[in-house]
Structure formats: C-alpha cells, structure tokens
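Examination of the molecular architecture
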Amino acid sequence: MAEALGEGVEGMNMVGTVVANRVEADCAPDFKGLRNIRHAIYQTIPGTDIPHFEPVLNGSLYTQRPKEDDLRRARNLLHGDREPRSRMSLWFFNPSPGREYRAPCTATMPRSPMTQFVYAHRNHCFYVGVPGYCPEFYR
C-alpha cells in the first residue's frame, strides 16, 4: 500500500507481486539473500545505504496505516496470489513522483542496466531482467 498508494487495487497487487518476486529470485547481485518480504522491503541499493523503496527512505511506511483490504491483499500475496501482469517483473519505479502525470518510462530502469521495460500502470513503470539475467528466477 505504501509504495503504490493511488495506483488502485491492481497497481498495489502489481507492486506486491514484484516484492514477492524479489524474494523468490534469490539471484546476485540485486536480490541474493532476500529471505522474506521484510528483507525485500528494507533492502538497500547495492553498495549504498539507500533503501530501494521510497516509503522506507522518506518514512511514509511508518505513518500510513493499512486498512483491512490492504491486510487481506498482503495475506493473499503471501499465499501465492500474484498479479499476472507483474509475475515476471523484478523492478518498478515511478519516474515522476509527486506529479499528476507519469513521465515516459525508460528502456532500462535507472541504476539497473540489466533490465528492460515491459509495461506501465498508472504512475509506475515495470521491468524484467534482460535475457540471461537471474536464471534462478527466469526458468
């Protein structure tokens, strides 16, 4: 909910699926050793102390309170209910945070050259790994 507020239920499910995908991927250098959702949420950009997720960085993760629907979606995600469109995505980002429109999605995710753009949903761009990246996940 914190990362995809304003993206609608489908967008929140897409973002949640990407977070779960990162735990399943377990591939270096980006996602090695993520053992649970908490690890994925608090993961930092490799070589830095900068969190991957904006709500951790700006603190909004700690001030937003989930509603029962949000908690139900999270439980469903943990039980394997994934959004089909983002089932193979390992990255997403909002290129225009705080704006009413989304800037065009880039061909690769910023700071992640091993990615390729697959689709956009409202304000977020979604990416998969390039061929050969993370064979542990893309089998």
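Preceding this paragraph is the structure being described.
Below: a short report on this structure. (Residues numbered from 1 in each chain as written. Predicted model: local features only at pLDDT ≥ 70, side-chain atom pairs only at ≥ 80, totals over all residues. Heavy atoms only, no water.)

Attention shifts here to the sheet that holds strand S2 (residues 115-121). The antiparallel open sheet is built from three strands, whose spatial order is S1-S3-S2. Looking along the sheet, the strands with just one partner apiece sit at the ends: strand S1 (91-93) and S2. Geometrically, the sheet is characterised by an average inter-axis angle of 25 degrees between neighbouring strands, direction not taken into account. Bridging between S1 and strand S3 (residues 124-129) involves three bridges; their strand directions are antiparallel. Bridge pairing in S3 places Trp91 opposite Tyr127. (Pairing = 2+ DSSP bridges. Helix = DSSP H or I, 4+ residues; strand = E, 2+ residues; numbered from the N terminus. Axes fitted to C-alpha atoms, helices over the stretch in contact; angles between N-to-C directions.)

You can see Asn21 is positioned in helix H1 (residues 8-25). Taking the relative accessible area as the measure of exposure, Asn21 reaches 0% and is therefore buried. For Asn21, the side chain forms a polar contact with the main-chain oxygen of Ser86, separated by 2.9 Å. Once residues lying within four places of it in the same chain are set aside, the contact partners of Asn21 are Arg82, Ser86, Arg87, Met88, Ser89, Leu90 and Phe137. (Buried < 20%, exposed > 50% of the residue type's maximum accessible area, 1.4 Å probe, protein only. Polar contact = N/O pair within 3.5 Å; in protein donor to acceptor, adjacent residues only side chain to side chain. Contact = heavy atoms within 4.5 Å.)

Here we take up the packing of H1 against helix H4 (residues 68-78). Where H1 meets H4, the closest approach of the two axes is 10 Å, and the angle between their N-to-C directions is 40 degrees. In terms of their interaxial angle, H1 and H4 are classed as oblique. The hand of the H1/H4 crossing is right-handed. For the pair formed by H1 and H4, the contact residues are Val9, Met12, Asn13, Gly16, Thr17 and Ala20 on the first element and Asp70, Arg73 and Leu77 on the second. A class-by-class count of the residues in the contact of H1 with H4 yields four nonpolar, three polar and two charged. (Parallel < 35°, antiparallel > 145°, perpendicular 65-115°, else oblique. Left-handed = near helix turned anticlockwise from the far one by under 90°. Nonpolar A, V, L, I, M, F, W, Y, C, P; charged D, E, K, R; others polar.)

This brings us to the environment of Lys67. On the secondary structure map, Lys67 appears in the loop between helix H3 (54-58) and H4. Between the alpha carbons of Lys67 and Asp26 there is a distance of 30 Å; along the sequence they are 41 residues apart.

Using the criterion set out here, one finds two disulfides in the structure. Covalent S-S linkage joins Cys27 and Cys134, the inter-sulfur distance amounting to 2.1 Å. Looking down the S-S bond of the Cys27 and Cys134 bridge, the torsion is -105 degrees, so its handedness is left-handed. Residue Cys27 is located in the loop between H1 and helix H2 (37-41), and its partner Cys134 is located in the segment after S3; the two are separated by 107 residues in the primary sequence. Here Cys105 pairs with Cys125 through a disulfide, and the sulfurs are 2.0 Å apart. Residues Cys105 and Cys125 share a disulfide whose torsion about the S-S bond is about -85 degrees; that sign makes it left-handed. With Cys105 in the loop between S1 and S2 and Cys125 in strand S3, this residue pair connects regions lying 20 residues apart in the sequence. By sequence order of its bonded cysteines, the protein has the disulfide arrangement 1-4, 2-3. (Disulfide = S-S within 2.5 Å.)

Counted under the stated rule, the structure contains eight aromatic pairs. With a centroid separation of 5.4 Å and an interplanar angle of 55 degrees, the aromatic rings of Phe31 and Trp91 are classed as tilted. Of this pair, Phe31 sits in the loop between H1 and H2 while Trp91 sits in strand S1, and the two are 60 residues apart along the sequence. Looking at Phe31, the relative accessible area reads 0%, which means it is buried. Between Phe137 and Tyr138, the ring centres sit 5.0 Å apart and the planes meet at 80 degrees, which makes this aromatic pair edge-to-face. Among the residues examined, Tyr138 registers a relative accessible area of 23% and is labelled partly exposed. Aromatic ring contacts, followed pair by pair, group Phe53, Phe92, Tyr119 and Phe126 into a single cluster. (Phe/Tyr/Trp six-rings, centres within 6.5 Å; stacked < 30°, edge-to-face > 60°.)

Interpretation note: all reported values are geometric properties and have no functional meaning in isolation.
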